[in-house]
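Residues per chain are reported as follows:
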Amino acid sequence: MKRIATFCLFLLLASFSQQAVADDGWVGTWATAVEPTTAKDMPATSLARRSIRQVVHVSLGGSEFRLQLSNAYSSSPVKIKSVFVADAKEGSEIDVRSARYLRFNGKQDCVIKAGDSIFSDAFSYPLKPLQRLAITVCYGDSVPEYGTSHRGSRTTSYIYNGTAKPKTRFVGTEDVDHWYNIAALDVKVDAPVVACLGNSITDGRGTTTNAQNRWTDFLAEGLDGKMGVLNLGIGGNCVLRNGLSDPAVKRFGRDILGQRGVKALIIFEGVNDIGGSMGNAEQVAQELIEAYETMIDKAHARGIKVLMGTITPFGKSFYDSRFHEAARLVVNDWIRANEKADGVIDFDALVRDPQQPSQLLEAYSDDWLHLNPAGYEKMGRLAAEQITKLNVSNP
């Protein structure tokens, strides 16, 4: 019995040691908030024995990386035959000369258990700041019926029937605007990271597909590729409950605290909670404030500075009501006056119509709720200014 107990203690200590080594020096250059996938978000046919090319817009550059794949929301394992990365060109094309195969525990293939995620081995790659990277995942014969994904990729993913190679031409592919299984890309550089927690406005609803013009993209550009920027927005997401995917209070630990190298956090979420409230908008406003305080405390406990983003107007949208507007103003008043956070990004004042403060400026929106690229650029530039003033330290 004593021998067994000693062995178990050894395994426990080894696991802590491996985790410490795994996170040592790694910081995020790109990440997304993974979600459970519904039938309408899956390709027309199974991903089994197929390959998918997915494009991401990184923030930091470097020479040593690792990729995280997630199967968090699936009830069965997913088999991966191979994964390779390459500089993205137009559409599904890549720079073949830049292609680099990844390995997992020394092998090209891997199996991700249900509810789990894995990191690739560290790999060398000359990645430039702010560039687009293509990640080609080739699946084996076993994949979940509904995989783990991110619905609002705002970029096109290309699905090839068979196992793709770097020189494979993705002709006659099935194209979808979702990401599957990819969760994060880490780099070994000495740079801080800002994580952005939000809903569809952060996720990029209203942007131009494949143009990389979310407000977080403009934030990364405004920081000149010298700070990691991670977009953890989910379309239709709420802070408290209901909405699409896990609410922010539930996913905060994984999506924010679980990222590597985060030294600053922008919390810009709450419009769906307010807009979806049914006769209890005042109560929801107070619950939001309490949730913000809890998240700020959790971030501060990890040495992360927090900027609160004011909730942007939604007058003339389907959320428009005097009760919802009153709740928005209560929350925004707290955000501007609170002493818990380390600063405020007043998105509301930036993009509202001066003549109709309950509405977005028409030049910045096409649906009175989400911003368009012009509005997102204004938001990203302001966020970059505020992050720069925050003067976050390196990891």
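Bear in mind the structure is a predicted one, so any value in this text is a computation, not a measurement.

K.L.:
Residue-level account of the sheet that holds strand β16 (residues 193–198), with values.
P.N.:
Overall, parallel pairing links the five strands, which are arranged β17-β16-β18-β19-β20 in an open sheet. On the outer flanks of this sheet lie β17 (228–233) and β20 (343–345), each paired with one strand and no other. Averaged over all neighbouring strand pairs, the angle between strand axes comes to 25°, with direction disregarded. Of the strand pairs in this sheet, strand β18 (residues 262–268) and strand β19 (residues 305–309) are connected by four bridges, and their pairing is parallel.

K.L.:
So, empty space enclosed by the protein: which residues are in play, and what are the values?
P.N.:
Over the atoms, a rolling probe the size of a water molecule traces out where space has been left empty. Counted under the stated rule, the structure contains three cavities of 30 Å³ or more. The computed volume of the largest cavity comes to approximately 210 Å³. Along the wall of the largest cavity there are 23 residues; nearest its centre are Trp30, His57, Arg214, Asp217 and Asn231. Contributions of two or more residues to the lining of the largest cavity are made by β1 (26–31), β3 (51–57), α3 (215–222) and β17. Tallied by class, the residues present in the lining of the largest cavity amount to nine nonpolar, eleven polar and three charged.

K.L.:
So what's going on with the sheet that holds strand β14 (residues 179–180)? Which residues, and what values?
P.N.:
In space, the three strands of this open sheet follow the order β2-β11-β14, with antiparallel pairing throughout. At either end of the open sheet lies a strand with only one pairing partner, and these are β2 (35–36) and β14. Bridge count between β2 and strand β11 (residues 148–150): two bridges; the pairing is antiparallel. Following the sheet pairing, Pro36 is matched in β11 by Thr148.

K.L.:
Describe the packing of aromatic side chains, listing the residues and the values that go with them.
P.N.:
Scanning the entire structure with this criterion turns up ten aromatic pairs. Relative to Trp179, the ring of Trp30 lies with its centre 5.2 Å away and its plane at 90°, an arrangement referred to as edge-to-face. Residue Trp30 is found in strand β1, and its partner Trp179 is found in strand β14; the two are separated by 149 residues along the sequence. For Trp30, a relative accessible area of 5% gives the class buried. Classification of Trp179 by relative accessible area gives buried; the value is 5%. With centroids separated by 6.2 Å and ring planes inclined at 75°, the aromatic side chains of Trp215 and Phe268 adopt a geometry described as edge-to-face. In this pair, Trp215 sits in helix α3 while Phe268 sits in strand β18, placing the two residues 53 residues apart along the sequence. A residue is classified by how much of its surface remains accessible, and Phe268, at 4% relative accessible area, is buried. In textbook terms, an aromatic cluster arises when at least three aromatic residues are bridged by ring pairs, as seen for Trp215, Phe268 and Phe347. One residue, Arg66, lies across the ring of Phe119, its end atom 3.9 Å from the ring centre.

Criteria and cut-off values
Residues numbered from 1 in each chain as written. Predicted model: local features only at pLDDT ≥ 70, side-chain atom pairs only at ≥ 80, totals over all residues. Heavy atoms only, no water. Pairing = 2+ DSSP bridges. Helix = DSSP H or I, 4+ residues; strand = E, 2+ residues; numbered from the N terminus. Axes fitted to C-alpha atoms, helices over the stretch in contact; angles between N-to-C directions. 1 Å grid on protein atoms, 1.4 Å probe; cavity = no way out; pocket = protein on both sides within 12 Å on 5 of 7 lines; lining within 4 Å. Points joined across faces, edges and corners; volume = space filled by probe spheres on them. Nonpolar A, V, L, I, M, F, W, Y, C, P; charged D, E, K, R; others polar. Phe/Tyr/Trp six-rings, centres within 6.5 Å; stacked < 30°, edge-to-face > 60°. Buried < 20%, exposed > 50% of the residue type's maximum accessible area, 1.4 Å probe, protein only. Lys NZ or Arg CZ within 6 Å of the ring centre and 35° of its normal.

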